[in-house]
Amino acid sequence: MVACHELKVWYPIKAGLLRRTVDYIRAVDGISLEVHEGQTVGVVGESGSGKTTLGLALLRLISSRGSIEYRGRQIRGLRSQALRPLRREMQVVFQDPYGSLSPRLSVGQIIEEGLLVHNLGGSSAEREKRIIAALEEVDLDPDTRHRYPHEFSGGQRQRVAIARAMVLQPRLVVLDEPTSALDVSVQAQIVALLRRLQERHRVAYLFISHDLKVVRAMSHHVLVVRDGVVVESGPADAIFDHPREEYTKALMAAAFDLAAAPSDVVRQ
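Here's what I pulled together on the structure shown here. Predicted model only: the values in this text are computed from it and were never measured.

1. Side note on the side chain of S219
In step 1: Tracing the backbone through its elements, the reader meets S219 in the loop between helix 7 (212–218) and strand 9 (221–226).
In step 2: At 3.5 Å, the side chain of S219 and the backbone nitrogen of G42 are in polar contact.
In step 3: Not counting the four nearest positions on each side in its chain, S219 is found in contact with T40, V41, G42 and A236.

Okay, here's the thing in structure tokens:
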């Protein structure tokens, strides 16, 4: 489905009167991964580890070096015009359900926006049918399409954001901390919804989160990232039940029994 090899995102550090590059921030530093149809790859690590940068680079939303293949086709070097047909198939759901939805648009307009951009749905009536179906699929009343984001709870807004992505029938969705702004009970509902959508549509997920409990519930395969580098990777059960690296063990301890914290590893 999608794969990258030796992906790098380096930001130059400039200094002096001539603003010469003196070093780089290596946000992503040689990461390789594969995400297959119907599979969830979880990406975990502390804040600032490069998780979100990796997801954005994979979607070609920021510049990078290395190889990015989508459905067997090299896409890293493609220009915007050539990428445009692929944008519908590669969607993203962001962390903040409060900030990711335009307050000036109704829910129906928010979901319709992508259909208009990609010339999908044909007539207005056909687009309306797709909007209604998308809302029903995320367990929202279709009548709410006339309301505005501020009228919804955080969990409902995230369902709208998911509907906005899924109405385009994507093959890959990058989920960037999609549950971190939600209460625990609502998190469980969103996780169940995402799993149900994946089973129904065979969509691939790149699931980015620092919440290891949610990652364990969602993922088939896990990458542990620290300072832009993969520290450990493998099947989810192996990573969670038998972590090899000290950093991974510390993350697990912090998430599940509070016996240690990743900062303990950093200080060693």
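Moving on, there is more to tell.
2. Re the packing of aromatic side chains
Aromatic ring pairs are reported here in terms of the distance separating the ring centres and the angle at which the planes meet.
In step 1: Using the criterion set out here, one finds two aromatic pairs in the structure.
In step 2: For the pair W10 and Y24, a centre-to-centre distance of 5.5 Å together with 45° between the ring planes defines the contact as tilted. Placement of the pair is W10 in strand 1 (residues 2–15) and Y24 in strand 2 (residues 20–35), with a sequence separation of 14 residues.
In step 3: Looking at W10, the relative accessible area reads 25%, which means it is partly exposed.
In step 4: Judged by relative accessible area, which is 37%, Y24 ranks as partly exposed.
In step 5: Between the aromatic rings of F240 and F256, the centroid separation amounts to 6.1 Å while the plane-to-plane angle is 80°, which identifies the pairing as edge-to-face. Taken together, the positions of F240 in helix 8 (residues 236–241) and F256 in helix 9 (residues 246–256) put the pair 16 residues apart, joining distant regions of the chain.

3. A word on the packing of helix 5 (residues 154–166) against helix 6 (residues 184–201)
In step 1: Closest axis-to-axis distance for the helix 5/helix 6 pair is 10 Å, and the angle between their directions is 15°. It follows from the interaxial angle that helix 5 and helix 6 lie roughly parallel. Considering the relative orientation of helix 5 and helix 6, their crossing is right-handed. Side by side, helix 5 and helix 6 meet where G155, Q158, R159, I162 and M166 of the first sit next to V186, Q189, I190, L193, L194, L197 and H201 of the second.
In step 2: Here the contact of helix 5 with helix 6 is built from residues that sort into seven nonpolar, four polar and one charged.

4. Observations regarding helix 5
In step 1: Given a rise of 1.5 Å per residue, 13 residues ought to cover 18 Å, and the 18 Å separating the end C-alpha atoms of helix 5 matches this to within 8%.
In step 2: A large share of helix 5 lies buried, amounting to eleven of its 13 residues.
In step 3: Taken as a whole, helix 5 has its buried residues at G154, G155, R157, Q158, R159, V160, A161, I162, A163, A165 and M166.
In step 4: Looking at the packing, one finds that the buried side of helix 5 touches strand 6 (90–93), helix 3 (107–117), helix 4 (124–137), strand 7 (172–176) and helix 6.

5. A closer look at the nonpolar core
In step 1: In terms of nonpolar packing, the biggest core is built from 44 residues, with I111, I162, L194, Y205 and V222 touching the most fellow members.
In step 2: Leaving out residues up to four positions away in the same chain, V222 has contacts with G42, V44, V215, E232, S233, G234, A236, I239 and F240.

6. Overview of the sheet that holds strand 8 (residues 204–208)
Hydrogen bonds between backbone atoms are what pair the strands of a sheet, whose relative direction is either parallel or antiparallel.
In step 1: Spatially, the six strands line up as an open sheet ordered 6-7-8-3-9-10, and their pairing is mixed. With partners counted over all chains shown, the strands left at the sheet margins are strand 6 and strand 10 (229–235), one partner each. The average angle at which neighbouring strand axes cross in this sheet is 15°, direction not considered.
In step 2: Here strand 3 (residues 40–44) runs beside strand 9; their pairing, made up of four bridges, is parallel. Looking at the pairing, V41 lines up with H221 of strand 9.
In step 3: Its contacts with the sheet put helix 1 (residues 51–58) on strand 3, strand 6, strand 7 and strand 8, and the angle it makes with strand 8 is roughly 150°.
In step 4: Helix-sheet contacts for helix 9 involve strand 9 and strand 10, and the interaxial angle to strand 9 is about 105°.

Rules behind the numbers
Residues numbered from 1 in each chain as written. Predicted model: local features only at pLDDT ≥ 70, side-chain atom pairs only at ≥ 80, totals over all residues. Heavy atoms only, no water. Helix = DSSP H or I, 4+ residues; strand = E, 2+ residues; numbered from the N terminus. Polar contact = N/O pair within 3.5 Å; in protein donor to acceptor, adjacent residues only side chain to side chain. Contact = heavy atoms within 4.5 Å. Phe/Tyr/Trp six-rings, centres within 6.5 Å; stacked < 30°, edge-to-face > 60°. Buried < 20%, exposed > 50% of the residue type's maximum accessible area, 1.4 Å probe, protein only. Axes fitted to C-alpha atoms, helices over the stretch in contact; angles between N-to-C directions. Parallel < 35°, antiparallel > 145°, perpendicular 65-115°, else oblique. Left-handed = near helix turned anticlockwise from the far one by under 90°. Nonpolar A, V, L, I, M, F, W, Y, C, P; charged D, E, K, R; others polar. Expected span 1.5 Å × (residues − 1). Core = buried A, V, L, I, M, F, W, Y, C linked by side-chain atoms within 4.5 Å. Pairing = 2+ DSSP bridges.

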